[in-house]
Amino acid sequence: MCDHTKKAAHMEASDPVKNICRKHLQAGAVHIWAYIFGAICPKKGKGAGLVLPWCDTEAMQQHLAEISQAVDDGAHAVLLLDQAGWHVTPKLKVPDNITLLFLPPRSPELNPVENVWQFMRDNWLSNRIFKDYDDIVAHCCAAWNRLVDQPWKIMSIGLREWAHRS
């Protein structure tokens, strides 16, 4: 969870790995993926995100750097994560202003950002045919930017009462 300073479209344009795409041949069709790495701060209604061609340790490291830059000076972010390999690897260098909090296995309902992904799929990313990788990236960036331009939406989707009890 973090504060938002950049939007995905601004970040993807300068991302050196933007033009590398993963292609997979299956039954004569070409499948191309892009991954949205996003973090939200439901209390402030803000988010920070990247659209990347890979979902691995290097991508997660870039995401942590982005979140770290977005955290207010003097503040500390607690990032809720599942236990995916790229989240738990000891190869990650976690910035000093971020603490990783790992959720129990098979418990996505505890992570508010899972609801963000569902909302984005339901409203902006599903039932589409993309022309190419750049079109996928453009749609992912537009969806993320649309979300962060609606702080009330992030608050509505992401706030959990249990997270604010002492």
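Now for a description of the structure that goes with this document. (Residues numbered from 1 in each chain as written. Predicted model: local features only at pLDDT ≥ 70, side-chain atom pairs only at ≥ 80, totals over all residues. Heavy atoms only, no water.)

A closer look at the nonpolar core
- Ranked by internal contacts, the top residues of the largest apolar core, which has 22 residues, are Ile 36, Val 51, Val 116, Trp 117, Met 120, Trp 144 and Leu 147.
- Of the residues forming this core, the biggest block, 9 residues, is contributed by helix α5 (residues 133–148).
- Apart from residues lying up to four places away in sequence, Leu 147 is in contact with Val 116, Phe 119, Met 120, Trp 124, Lys 153 and Ile 154.
- Tyr 35, Ala 59, Val 71 and Leu 79 belong to the second-largest nonpolar core, a separate cluster that totals 16 residues. (Core = buried A, V, L, I, M, F, W, Y, C linked by side-chain atoms within 4.5 Å. Buried < 20%, exposed > 50% of the residue type's maximum accessible area, 1.4 Å probe, protein only. Helix = DSSP H or I, 4+ residues; strand = E, 2+ residues; numbered from the N terminus. Contact = heavy atoms within 4.5 Å.)

Concerning the environment of Ala 75
- Positionally, Ala 75 belongs in the loop between α2 (57–70) and β5 (77–81).
- Each C-alpha atom of the pair Ala 75 and Ile 98 lies 9.1 Å from the other, and the pair is 23 residues apart in sequence.

Describing the packing of aromatic side chains
- In this structure the tally under the stated criterion is 2 aromatic pairs.
- Judged by centre distance (6.0 Å) and plane angle (40 degrees), the ring pair of Trp 117 and Trp 144 falls under tilted. Highlighted residues: Trp 117 in helix α4 (residues 112–125) and Trp 144 in helix α5, separated in sequence by 27 residues. Per residue, the accessibility class of Trp 117 equals that of Trp 144, and both read buried.
- Relative to Trp 124, the ring of Phe 119 has its centre 5.1 Å away and its plane inclined at 90 degrees; by these criteria the two rings are edge-to-face. Each member of the pair, Phe 119 as well as Trp 124, carries the same accessibility label: buried. (Phe/Tyr/Trp six-rings, centres within 6.5 Å; stacked < 30°, edge-to-face > 60°.)

Quick look at unusual backbone geometry
- For Arg 106, which is not a glycine, the phi torsion comes out positive at approximately 55 degrees.
- Tracing the backbone through its elements, the reader meets Arg 106 in the loop between β6 (98–102) and α4.
- The class of Arg 106 is exposed, set by a relative accessible area of 78%.
- In this structure, Asn 127 is a non-glycine residue whose phi angle is positive, near 55 degrees.
- You can see Asn 127 is positioned in the loop between α4 and α5.
- When its relative accessible area of 80% is taken as the criterion, Asn 127 is described as exposed.

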